[in-house]
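The residues making up each chain are set out below.
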Amino acid sequence: MGIQNTLKALADPTRRDILNLLKKGRLSAGEISDAFPISGAAISRHLSVLKEADLIRDERDGKFIYYELNASVLEEIMLWIKDLSRNETNHAKE
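Residues numbered from 1 in each chain as written. Predicted model: local features only at pLDDT ≥ 70, side-chain atom pairs only at ≥ 80, totals over all residues. Heavy atoms only, no water.

1. A look at the confidence of the model for the chain
Item 1. Here the chain shows a mean pLDDT of 89. Residues at 70 or above account for 90%.
Item 2. Here helix α5 (residues 71–93) is the element of the chain with the lowest mean pLDDT, 77, and helix α2 (residues 13–22) is the one with the highest, 97. (pLDDT = per-residue confidence, 0-100. Helix = DSSP H or I, 4+ residues; strand = E, 2+ residues; numbered from the N terminus.)

2. Structural notes on unusual backbone geometry
Item 1. Located in the positive-phi region is Asp54, a residue other than glycine, with phi close to 65°.
Item 2. The residue Asp54 is located in the loop between α4 (40–52) and β2 (56–61) in this model.
Item 3. Residue class for Asp54 comes out partly exposed when judged on its relative accessible area of 34%. (Buried < 20%, exposed > 50% of the residue type's maximum accessible area, 1.4 Å probe, protein only.)

3. A closer look at the pairing of β2
Item 1. As judged from the six bridges shared by β2 and strand β3 (residues 64–69), these two strands associate in the antiparallel manner. By the bridge assignment for β3, Asp61 is matched with Phe64. (Pairing = 2+ DSSP bridges.)

4. What about the sheet that holds β3?
Strand pairing in a sheet relies on backbone hydrogen bonds, with the paired strands running either antiparallel or parallel.
Item 1. The antiparallel open sheet is built from three strands, whose spatial order is β1-β3-β2. In this open sheet, the two strands that pair with only one neighbour each are β1 (27–28) and β2.
Item 2. Packing against the sheet, α2 makes contact with β1, β2 and β3, and its axis sits at approximately 90° to β3. (Contact = heavy atoms within 4.5 Å. Axes fitted to C-alpha atoms, helices over the stretch in contact; angles between N-to-C directions.)

In structure tokens, the structure reads:
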């Protein structure tokens, strides 16, 4: 997946809130949905976008699907932003 998909996924405040929930550990779709005043279908769409961006992983356990952060993609984005800001700082000094 490209960085464009990742940044698009991160641009939405609800998706960022979902990622913050998942920092605490793996949650089912129902547990995630319970934390928001929007429909289950809307949460499902947000989870789909996050999954397409490879920011989360899902795993079926019986009749439930559990979601967890994919920290490696987040680390790559943070390194890219840090590198980008380092380059901007170097250009500003020239």
